[in-house]
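Close look at the chain arrangement
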Amino acid sequence: MMMLVVENKKKPVKEKNKKKIVASNIVDAENHIPCLLLQNQVQNVPRYRPGGVIRNEPPPPVSFSDPPALLLEPYVIPGCAAPSLYMGNKPAVFLKHRLYNERIEARFWDLLFYSIDLGYLDEAHVDLWGRLMNERRPNDARWTIMPSSFFAAFETFEWVGSALRHSFDPLDGCKSWLEVDRVYFPICINPHHWVLGELWMDTLSLNLYDSLRSFRAVTMIDFVRFEELVDRIIVDIDYWNHMGLPVQKASITVTDVTDVPQQEGMFGECGVFMLMFMEQLVSGRAIGISMAPVFAATNFRNRMGMVYYGSAAKAIL
């Protein structure tokens, strides 16, 4: 049953100073269903729910102990230790990947294996990971992954083409928003912090998955501008007519998901956890880790190295 919860903080004011109450549309985070507004209430959009929780099942293993569960597992080379491959085979450092326009050079691997800049991942790691998952997406899967530039430069580019499967870069492999229920996209908070966004199309609910919530990245995101972008996209792709609904202004509900693993240690693990969360969600798994965050991040970096290397020459579909 859907429960209506309305924020209504009353302050003692004189009758002549009374104003309309601004209601916060609290989300039913478990079912991704927004509550309805009561009559005469004013929407405050986009609505942000601090401390929102989306409950997950008990977390599955994050990497090797549950191979069939994760979408990119077929690219993991049995018995291959990625750091050893990186350290002992210097020619392999300069790698040409079929899903990346430029040659993958030493800096790519140095960041992945903590050699420089505290191991913060950059757009190359993030976009290549998203392209691999889009490539292995089952035909009947109702999700797509947008590139890192989607949120970073949504005022600069026209994204309607990507929302209709005609990406700026065909290597992105984006699926039409008319054919999906969920749109995933990485969010980079300057200079290095990564957060995962998950937009549910049916309710326009935006869930944020952040492995370093103490950084309070949600306070640095301009949700109003993002809502304007989404509104333009869904109108231009004729989303409302496709769904058999009257045209309406997009109204996004933002939920800061709290029950996700939090990183530890001195290294820049936010990008690693963001890609981990992304793969678990599109693989139909609950978000979680089965070991201490420091070890989970290191193990996942090793796995990422094997996936990048193992997927360079040919696709496994």
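The coordinates are above.
No experiment lies behind these values; they were computed from the predicted model shown. (Residues numbered from 1 in each chain as written. Predicted model: local features only at pLDDT ≥ 70, side-chain atom pairs only at ≥ 80, totals over all residues. Heavy atoms only, no water.)

We now examine helix α3 (residues 123-135). When the terminal C-alpha atoms of α3 are compared, their 18 Å separation across 13 residues agrees well with the 18 Å that a helix rising 1.5 Å per residue should span. Within α3, burial applies to Ala124, His125, Val126, Asp127, Leu128, Trp129, Gly130, Arg131, Leu132, Met133 and Asn134. In the core, the buried residues of α3 are packed alongside α2 (106-112), β6 (143-145), β7 (182-189), β8 (193-200), α8 (270-282) and α9 (293-310). The backbone nitrogen of Ala124 lies 3.1 Å from a side-chain oxygen of the residue at the head of α3, namely Asp122. (Helix = DSSP H or I, 4+ residues; strand = E, 2+ residues; numbered from the N terminus. Expected span 1.5 Å × (residues − 1). Buried < 20%, exposed > 50% of the residue type's maximum accessible area, 1.4 Å probe, protein only. Contact = heavy atoms within 4.5 Å. Polar contact = N/O pair within 3.5 Å; in protein donor to acceptor, adjacent residues only side chain to side chain.)

This part covers the packing of aromatic side chains. Scanning the model with the defined rule gives 13 aromatic pairs in all. For the ring pair Phe185 and Phe226, a centre distance of 5.3 Å and an interplane angle of 40 degrees mean the geometry is tilted. Placement of Phe185 in strand β7 and of Phe226 in helix α6 (residues 223-236) is noted, with a sequence separation of 41 residues between them. What makes Phe185 buried here is its relative accessible area of 0%. You can call Phe226 buried: its relative accessible area is 0%. (Phe/Tyr/Trp six-rings, centres within 6.5 Å; stacked < 30°, edge-to-face > 60°.)

With that out of the way, let us pick up the environment of Arg136. Within the fold, Arg136 resides in the loop between α3 and β6. With 180 residues separating them along the chain, Arg136 and Ile316 place their C-alpha atoms 7.5 Å apart. Not counting residues within four places of it along the chain, the set of residues in contact with Arg136 comprises Leu71, Leu72, Pro74, Tyr75, Ile316 and Leu317.

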